[in-house]
Amino acid sequence: MGSSLLLNSAMRAMFLAFMFAMWILPELAVAKHAGITRHYKFNIKMQNVTRLCQTKSIVTVNGQFPGPRIIAREGDRLLIKVVNHVKYNITLHWHGVRQLRSGWADGPAYITQCPIQTGQSYVYNFTITGQRGTLFWHAHISWLRVTLYGPIVILPRRHASYPFPQPFKEVPIIFGEWWKTDTETIIKQALQTGGAPNTSDAFTINGLPGPSYNCSAKDTFKLKVKPGKTYLLRMINAALNDELFFSIANHTLTIVETDAVYIKPIKTKVVLITPGQTTNVLLKAKSKVPNATFLIAARPYATGPAAFDNTTTTGFLEYEQPSSVTKSKNKKVLPLLKPALPKFNDTNYAMKFSQKIRSLATAKFPAKVPKKVDRRFFFTVGLGLSPCQANQTCQGPNNTKLAASVNNVSFVQPNIALLQAHFFNKSKGVYTTDFPTNPPFKFNYTGTPPSNIMVSSGTKVVALPFNTSVELVMQDTSIIGAESHPLHLHGFNFFVVGQGFGNFDPNKDPAKFNLVDPAERNTIGVPSGGWVAIRFLADNPGVWFMHCHLEVHTSWGLKMAWLVNDGKGPKQKLPPPPSDLPKC
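The structure displayed is predicted, hence computed values, not measured ones. (Residues numbered from 1 in each chain as written. Predicted model: local features only at pLDDT ≥ 70, side-chain atom pairs only at ≥ 80, totals over all residues. Heavy atoms only, no water.)

Trainee: Summarise the overall build of the protein chain; cite the residues concerned and give the values.
Mentor: Counting its regular elements, the protein chain contains six helices and 33 strands. Compactness check: the protein chain gives a C-alpha radius of gyration of 26 Å against a globular reference of 25 Å for 584 residues, within 12% of the reference. Residue burial in the protein chain is summarised as follows: out of 584 residues, 56% are buried. Of all intrachain contacts in the protein chain linking residues separated by at least 6 positions in sequence, the fraction that spans at least 24 positions is 80%. For the protein chain, the accessible surface area stands at approximately 25400 Å², while carbon and sulfur atoms represent 55% of it. (Helix = DSSP H or I, 4+ residues; strand = E, 2+ residues; numbered from the N terminus. Rg over C-alpha atoms; globule rule 2.2 N^0.38 Å. Buried < 20%, exposed > 50% of the residue type's maximum accessible area, 1.4 Å probe, protein only. Contact = heavy atoms within 4.5 Å. Areas by Shrake-Rupley, 256 points an atom, 1.4 Å probe, with all protein chains shown as cover.)

Trainee: Help me get a handle on the sheet that holds strand E1 (residues 37-51), residues and values and all.
Mentor: Spatially, four strands are ordered E2-E1-E4-E6 in an open sheet, and the strand pairing comes out mixed. A strand with exactly one partner marks an edge of an open sheet, and here the two such strands are strand E2 (54-61) and strand E6 (121-127). Adjacent strand axes in the sheet meet at a mean angle of 20 degrees when their direction is disregarded. In this sheet, strand E4 (residues 77-84) lies alongside E1 in parallel orientation, the contact comprising eight bridges. Bridge pairing in E4 links Phe42 to Val82. (Pairing = 2+ DSSP bridges. Axes fitted to C-alpha atoms, helices over the stretch in contact; angles between N-to-C directions.)

Trainee: A description of the side chain of Asp76 should follow, citing residues and the corresponding values.
Mentor: Assignment of secondary structure puts Asp76 in the loop between strand E3 (70-73) and E4. A polar side-chain atom of Asp76 sits 2.8 Å from the main-chain amide nitrogen of Arg73. (Polar contact = N/O pair within 3.5 Å; in protein donor to acceptor, adjacent residues only side chain to side chain.)

Trainee: Explain the nonpolar core residue by residue, including any values.
Mentor: Core analysis: the largest hydrophobic core is formed by 94 residues, its most contacted members being Leu233, Phe379, Met474 and Trp562. One finds Trp104, Ile152, Val430 and Leu563 within the second-largest nonpolar core, a separate group that totals 47 residues. (Core = buried A, V, L, I, M, F, W, Y, C linked by side-chain atoms within 4.5 Å.)

Trainee: I'd love a proper account of the layout of surface pockets, names of residues and values included.
Mentor: Empty space within the largest pocket amounts to approximately 710 Å³. Taken together, 29 residues line the largest pocket, and the ones lying closest to its centre are Arg98, Gly130, Lys368, Asn493 and Glu520. At the level of elements, strand E15 (261-268) and strand E31 (530-538) are the ones that each hand at least two residues to the lining of the largest pocket. Classifying every residue of the lining of the largest pocket by side-chain character gives 15 nonpolar, six polar and eight charged. (1 Å grid on protein atoms, 1.4 Å probe; cavity = no way out; pocket = protein on both sides within 12 Å on 5 of 7 lines; lining within 4 Å. Points joined across faces, edges and corners; volume = space filled by probe spheres on them. Nonpolar A, V, L, I, M, F, W, Y, C, P; charged D, E, K, R; others polar.)

Trainee: So what's going on with unusual backbone geometry? Residues and values would help.
Mentor: Between Phe65 and the following residue, Pro66, the backbone shows a cis peptide bond with an omega angle of -10 degrees. Even without glycine at this site, Ile480 takes up a positive phi of about 65 degrees. Within the element layout of this structure, Ile480 appears in the loop between strand E26 (468-476) and strand E27 (485-489).

Trainee: Could you give an account of the sheet that holds strand E33 (residues 559-564), with specific residues and numbers?
Mentor: Across the sheet, five strands lie side by side as E25-E33-E32-E27-E30; this open sheet has mixed pairing. For this open sheet the edge positions go to strand E25 (461-464) and strand E30 (523-526), each flanked by a neighbour on one side alone. Across the sheet, the mean angle separating the axes of adjacent strands is 20 degrees when strand polarity is ignored. Pairing analysis gives six bridges linking strand E32 (residues 542-548) to E33, with the strands arranged antiparallel. Looking at E33, one finds that Trp544 is bridged to Trp562.

Trainee: Describe in detail empty space enclosed by the protein, supporting the description with residues and values.
Mentor: This model, assessed by the stated rule, comprises four cavities of 30 Å³ or more. Looking at the largest cavity, its volume works out to about 200 Å³. Taken together, 19 residues make up the lining of the largest cavity; nearest its centre are Glu243, Leu272, Ala350, Ser354 and Gly525. Examining the composition of the lining of the largest cavity, we find that five residues originate from one element, helix H4 (residues 347-356), more than from any other. A breakdown of the residues in the lining of the largest cavity according to their chemical character gives nine nonpolar, eight polar and two charged. Volume-wise, the second largest cavity comes out at about 160 Å³. Thr380, Ser405, Asn408, Phe443 and Ile479 are the residues nearest the centre of the second largest cavity, which is lined by 19 residues in total. The element best represented in the lining of the second largest cavity is strand E21 (residues 375-387), accounting for five residues.

Trainee: Mind laying out the environment of Asn408, listing which residues take part and the relevant values?
Mentor: Along the chain, Asn408 turns up in the loop between strand E22 (400-406) and strand E23 (409-411). The spatial distance from the C-alpha of Asn408 to the C-alpha of Pro439 is 6.7 Å, given a sequence separation of 31 residues. If we skip the residues at most four places from it in the chain, Asn408 touches Thr380, Pro440, Met454, Val455 and Ser456.

Structural data, given as C-alpha cells:
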C-alpha cells in the first residue's frame, strides 16, 4: 500500500516537473534571446572646458566631453531620459540605429520631433534590433553636435562571438572639431551674410587636440598597449565638417566593421572616415616592446573649393615597459615615428578605399540587397546660390547667398515636425510630396556648370508605399566646385551597389553593380566629381531624414526626407507618439 502511494506521488511529481519544463523552457529560450531594458539619464548642461589655452562654456551631457558611452546588447531596449537645463532647444539622434517602428525616438529637429525646450525633458525609447557594433549619438539641431556627442557600443547577444579574433581590450576613438569661439554664433552669422562659416581651430581625438597645436601637449590622447595583444579600436567621426584620414605609425590596421555591420577584413595603413561613419579596426601590438613611440594622426580629406581646417590632430601609441625598465630612474626618450598620410585632396585614394569595403555575406550575416527594384531615383547633390534678401548685402558671388540642394531643391525646415504632421494627417502647409525623382534639367553634372546656378527651395518629401525597394543614384555636381558629400540616411541601412567618377551612365554602369556582397552602411561619401548608387528596402514606416553630414551643407539645405507609409499588418504600422513628445 505504502509503496504504491509513493509511486503515485513520484509519478505525479515527475508529471508536474515535465509540465513545468514544457511551460518554462520555451520562456527561458525566449528570455535568452530577449534583451533587457537599460536606463540612462542625460542632463544637458553647460560646462567650462579649456582647450588651446582658452576656456569656454560648452553644451554637454552630464558635464562630460565627449559625452557618456551608451552600452547595450543586440535586442536590448533603451530608455534615455534627456533633461534640458540650457538656453538652447535640444534634440538627440541615435545615429545609425534602425529605429524600427520607433521613429518618434529618431531625433532630428522638426523632422521626427519638435525640440526639447529649456526646462523640459523627453524619454527616447527604442530597441536595438538586428544590429551589433559601433554607432554614436549626437545633437541634431543647429550646430550643437559640435560638443554633444558620444559612443554607442552594441555588443553581440550573450554567448554570441565576434566573427574575428576576440580583442584583449576595446578602445573608443572619437574624432571631433574644436572652435575657440561660439559655434552657434558662427553659423547664425554665416546664414545671415550668405558666406562660408569660419573653419575650426583644431581636430580632437576623444576631445583632446594633441601636441601639434599650440599649448596642447597636456591635452593628448595616449593609447597604452601590451606587446602581442590585439585591440579593437571603435572609431567614430563626430567632426562637423571634415572627412579624415587616420593612421598609426609603423602599424597595420585590420578593418572588421563599418557602420555597425561586419565586413570582409581589410588590412590597411590608412583609414578614411567621413562625418557620420563608424569603423571598427583591429590593432595587433608588436610581439616585443619596440624601442620607439608611435604617432597616431588624423587630418582632413578635403575636396571642395572652400577653405578648411588644414591641421592634424595627434596622439601617442605607447608600449607598456617591463617593470624592471619603468623602475629605472634614467628613462631614455624614445624616438617618435610618424605615419604617412595621403594628400588632403587624394580622391583616387578615397575611391579605392571605399570600393574595398564588402559585406561578409555569409549564412549567419547575409547581405540582403534588394535584387528587384520598384522605384528608381536620380538625385544631384551639390552647391548653388540663393538670392540675397532685399536691402541686404550678401557675401556670395554677385551679392548672393551660398546654398546647397538635392535635385536643385534646398530644403526649408518646417516649424512643425514632419512626422507629427504625417501621423495626424495635417500635412497641408507643412510639406508636399512632390520631391522630384530626377533633376529639373539635364546638364554635364561634372563638367562646365550651367549659366543659372540658383536653387529653388521648399519642404518636399518622397512618399513611398511600405516595403518599396528603392534604387537611388546620387550624383555630385561641379556647380561652384566638385566636392565629396557624406550622405546619411536615417531609419535604414542601405547597400552601396556601385560608384564611379564622372557622370553616371544609366546604360552602362548598372551592369557593373555588385549585388552579391556590397557594403551595407548608413552614411556614404558621394565621390567628388562622381556618383554612388545605393539600394534599400523601405520596410520602416515613418518620416526619415536624408542629408549631407557636413554640417555646413545641411545648414545650407542639402537635405530631404522619405515618407514611408504604413503597411497592412499590425507590425507594419507606426505606433502613436509617446505622451511626453515635445510640443512646438
